[in-house]
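A look at the structure
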Amino acid sequence: MEQINGFVELTLSSPLYEQGGDAETGYDALSPSRIKGKGGLRATSFIYGLVALENMGFVANMVSLVLYFSYKMYFDLSNAANTLTNLMGSTFLLTIVGGFISDTFINRFQTCVIFGTFEVLALSMMTIQAHNDRLLPKPCGKPSCMEGGVAVYFYTSLCLLALGVGGVKGSLPALGADQFDANDPKEAKGLASYFNWLLLSTVIGSSVGVTVVVWVATNKNNHNWWKGFLITAVGASLGYVLLLVGKPFYRLKVPKDSPLIRIAQVIAVAVRNRGLSLPESPSELYEINEKDSESTASRIAHTEQFRAIPWKVCTVTQVEEVKVLARMLPIIASTIIMNTCMAQLQTFSVQQGYRMDPHLGSFRVPSASIPVIPLLFMIILIPIYDRLFVPFIRKFTKHPSGVTQLQRVGVGLVLSALSMSIAALVEVKRRNQSLKNPLRPISLFWLAFQYGIFGIADMFTLVGLLEFFYKEAPEGMKSLSTSFTWISLSFGYFLSSVFVDSINSVTKRIAPSRQGWLHGQDLDRNNLNLFYWFLAILSGLNFFNYLYWATWYKYKNNDENVAVRPATGPPESVGDVPFLKVEEDMSCKAANGGCVVEESNGRD
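All values derive from a computational prediction rather than experimental measurement.

**Brief notes about the environment of N82**
Relative to the assigned elements, N82 resides in helix α2 (residues 77–93). On the basis of relative accessible area, N82 is assigned to the buried category, the value being 10%. Through-space distance from the C-alpha of N82 to that of S496 is 7.8 Å; in sequence the pair is 414 residues apart. Leaving out residues up to four positions away in the same chain, N82 has contacts with S497, V500 and D501.

**Structural notes on the packing of aromatic side chains**
Applying the stated criterion to the full structure yields 35 aromatic pairs. Considering the side-chain rings of F58 and F92, the 6.0 Å spacing of their centres and the 90° angle between planes classify their relative orientation as edge-to-face. Of the two residues, F58 sits in helix α1 (residues 40–71) while F92 sits in helix α2, which places them 34 residues apart along the sequence. Residue F58 is classed as buried on the basis of its relative accessible area of 7%. Seen in terms of ring centroids, Y385 and F460 are 5.9 Å apart; in terms of plane orientation they differ by 80°. Their pairing is edge-to-face. Residue Y385 is found in helix α12 (residues 372–397), and its partner F460 is found in helix α14 (residues 448–472); the two are separated by 75 residues along the sequence. Residues Y385 and F460 agree in their burial class; the two are buried. The ring of Y553 has R327 lying over it, and the distance from NZ or CZ to the ring centre is 5.8 Å. If you follow K478 out to its NZ or CZ, it ends over the ring of Y470, 4.7 Å from the centre.

**With respect to empty space enclosed by the protein**
Scanning the entire structure with this criterion turns up 6 cavities of 30 Å³ or more. Put simply, the largest cavity is a space of about 650 Å³. Surrounding the largest cavity, 37 residues form its lining, V59, M62, T202, D458 and L462 being those nearest its centre. Within the residue set of the lining of the largest cavity, elements represented by two or more residues are α1, α5 (148–177), α6 (185–222), α10 (336–345), α12, α14 and α15 (478–510).

**So, the packing of α10 against α15**
For the pair α10 and α15, interaxial distance at closest approach is 7 Å and the crossing angle is 65°. Crossing of α10 against α15: the hand is right-handed. Between α10 and α15, the residues in contact are I336, I337, N339, T340, M342, A343 and Q344 and S488, L489, F491, G492, Y493, L495, S496 and F499, respectively. For the contact of α10 with α15, the class distribution of residues is 9 nonpolar, 6 polar and no charged.

**Quick word on the environment of A233**
Along the chain, the position of A233 falls in helix α7 (residues 225–245). With a relative accessible area of 6%, A233 lands in the buried category. When the C-alpha positions of A233 and T127 are compared, they lie 8.2 Å apart, and in sequence the two are 106 residues distant. When residues no more than four places from it in sequence are discounted, the contact partners of A233 are V120, L123 and S124.

**Focus on the nonpolar core**
One finds F69 and L243 to be the most contacted residues of the largest nonpolar core, which totals 151 residues. For this core, the element with the highest residue contribution is α1, accounting for 17 residues. Apart from the residues lying within four places of it in its own chain, the contact partners of F69 are Y74, F75, A80, T83, L84, F154 and L158.

**What about the state of the cysteines?**
Tallied over the full model, the rule gives 1 disulfide. Across a sulfur-sulfur distance of 2.1 Å, C140 and C145 are joined as a disulfide pair. Since a negative S-S torsion denotes a left-handed disulfide, the C140-C145 link at about -95° is left-handed. Exposure remark for C140: the relative accessible area of 35% places this residue in the partly exposed category. Residue classification places C145 among the buried positions, given a relative accessible area of 8%.

**Side note on the pattern of salt bridges**
Evaluation of the coordinates by the stated rule reveals 10 salt bridges. A salt bridge links K169 to E54; its shortest N-O distance comes to 4.0 Å. Here K169 is found in helix α5, whereas its partner E54 is found in helix α1, with 115 residues between them in sequence. Residue classification places K169 among the buried positions, given a relative accessible area of 9%. Under the relative-accessibility criterion, E54 is labelled buried at 6%. Beyond isolated ion pairs, a larger network of salt bridges with shared partners links D103, R108, D178 and K253.

**Here we look at the confidence of the model for the protein chain**
Put simply, the protein chain has an average pLDDT of 80, and 79% of its residues get 70 or more. Confidence drops under pLDDT 50 across residues 1–33; counting only partners more than four residues distant or on other chains, this segment forms 81 contacts. The low-confidence segment residues 289–297, where pLDDT is below 50, has 12 contacts with residues more than four positions distant or belonging to other chains.

Rules used in this analysis
- Every chain is numbered on its own, with residues counted from 1 as its sequence reads.
- Per-residue local features of the predicted model are confined to residues with pLDDT of at least 70, and side-chain atom pairs are confined, for both listing and counting, to 80 or more; whole-chain, interface and lining totals are unaffected and use all residues.
- Note that the side-chain values use all heavy atoms of the structure and ignore hydrogens as well as water.
- By definition, any uninterrupted DSSP run of H or I lasting at least four residues is a helix, any uninterrupted run of E lasting at least two residues is a strand, and each is numbered from the N terminus.
- Accessible area is worked out with a 1.4 Å probe on protein chains only. A residue is then buried under 20% of its type maximum, exposed over 50%, and partly exposed in between.
- In what follows, a contact means two residues having at least one pair of non-hydrogen atoms within 4.5 Å.
- Classification of ring pairs uses Phe, Tyr and Trp, with its six-membered ring standing for Trp, and accepts pairs whose centres are within 6.5 Å; under 30 degrees between planes counts as stacked, over 60 as edge-to-face, and the remaining range as tilted.
- Each ring is checked for a lysine NZ or an arginine CZ that lies within 6 Å of its centre and within 35 degrees of its normal; such an atom marks a charge sitting over the ring.
- With a 1 Å grid spanning the protein atoms alone, the term cavity applies to any set of points in which a 1.4 Å probe fits but cannot get out, the term pocket to an open set with protein on both sides within 12 Å along at least five of seven lines, and the term lining residue to any residue with an atom within 4 Å of a point.
- Grid points are joined across faces, edges and corners, and a volume is the space filled by probe spheres set on the points.
- Axis lines are fitted to C-alpha atoms, over the contacting stretch for helices. Their N-to-C directions set the angle, which ranges from 0 to 180 degrees.
- By definition, any crossing whose near helix is turned counterclockwise from its far helix by less than a right angle is left-handed, and any crossing with a clockwise turn is right-handed.
- Asp, Glu, Lys and Arg are counted as charged, while Ala, Val, Leu, Ile, Met, Phe, Trp, Tyr, Cys and Pro are counted as nonpolar; the rest, among them Gly, fall into the polar class.
- To define a nonpolar core, start from buried Ala, Val, Leu, Ile, Met, Phe, Trp, Tyr and Cys residues and group those joined through side-chain atoms within 4.5 Å.
- Any two cysteine sulfur atoms within 2.5 Å of one another count as a disulfide.
- Any Lys or Arg side-chain nitrogen found within 4 Å of a carboxyl oxygen on Asp or Glu counts as a salt bridge.
- Each residue carries a pLDDT score, the predictor's confidence in it, ranging from 0 to 100.

Here's what the structure looks like:
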């Protein structure tokens, strides 16, 4: 680090990246992320391929396993739903393991390969169990018929599946995002598009999964589940082979110090210095050790939110990293209810469809294939959003993504509440017709309304959260922070299980029939519509909670790899950036051999 003409110039020789596991041989002149011949669309194309093939099986399982648990494993209605939501909750909770490992011990590519092996092994075990009658339970008339070695084999395969999928999802999105440099205006637009195309790859693979794979698995009265699992195992294997083929083209970041250690240092210093007064000038807090200059190449300016006085063991940047994570927590919490709603579309809505007319002309549509309707909408809408809407709105907002990530999330939360309201109305119609004439149920395609609206909600929220957590995360915590998106999903699934059990328990005591809203296996005797209304009202209240925290949130002011201030001047502070405004832009232009801050209306 040198001082030139009153400015601090940060050197660009920090070994942040490795080329396919080899030592770094050269950087772009202005951006160390732009390694010659590495990254970009060519690199992410392999990741898109893996995402499509892996999600072909994962999403197919998400929407159909509740039927497998009910009709092959002989769980009752609520236990089948809870088994699936607990599996999904565990899967997304374990993303934090993959994120932590790829930030600390091994790079993101290696993390994906290791955990992908667990996923393929789990799918292979599930294929064997579904094909071998000796590994299947016998009907017993109880809420669960799992026992002995069958139960051990069953739950072992589910645990391996959760670990494998979770580890991959905790590291793969960040691996793809690493192929673009957020500090370069051109690559910043590519990064914004990356998350949209990542979702499009997911949707394309999912569309194949919920049609072809689900139809194969549920065909012949649920006797072909092993074929469905076999297809998903082969698809995932091919996906990871594709990931390996793309290794020479990836920008691979070298893991840094443990983010947990850095967080612990800040907490310890905050406690130690809790009685001290803040200095008048923030510049007095700014302290960087030369020996840490490589690991703190990305500096974050001081903010007034939260109070912590740096000490010699940690810099202002370390303190601000922890502040960033603390500011993210309310955002994570505010999206949990939406993911609880998503869990219902993969459990009770599928069971609704099983009791509706599945015919489209002479073709019998599996109830678990109904999500293909919103997926097809998304296949059309995502390119339109990325290629038409974003460039148009970018002209006014000057934001690389068109609108801020938190604005996208807010739109998704509103639509999720609408989806649950429609689900309640459709269930009333379905139940009334079933009780009136069980031989003439309403069409399965009535479910398309709730699935379609929620699919659009997911398009806004999932991409918004992934981009938000990646961009706002400290440099050494990109994977860990991205996994927060999946943590929200995890808590949503677990909360679904809690809601189902709690509502059943409470309504059982107060209902005249002494039966809960969601008891047994007969939906016609349940009150699933009331459960949907409960979630719709809760989602509406949650949106206002989110609105408060999104307005309160202050975006990170990042000084990545550039000289941004006079050596003697105070660091810049982050201004208030409410929910309906675009973040401040801190773009750089070369001057006097260094870089200075230029403020504009958008952020590259």
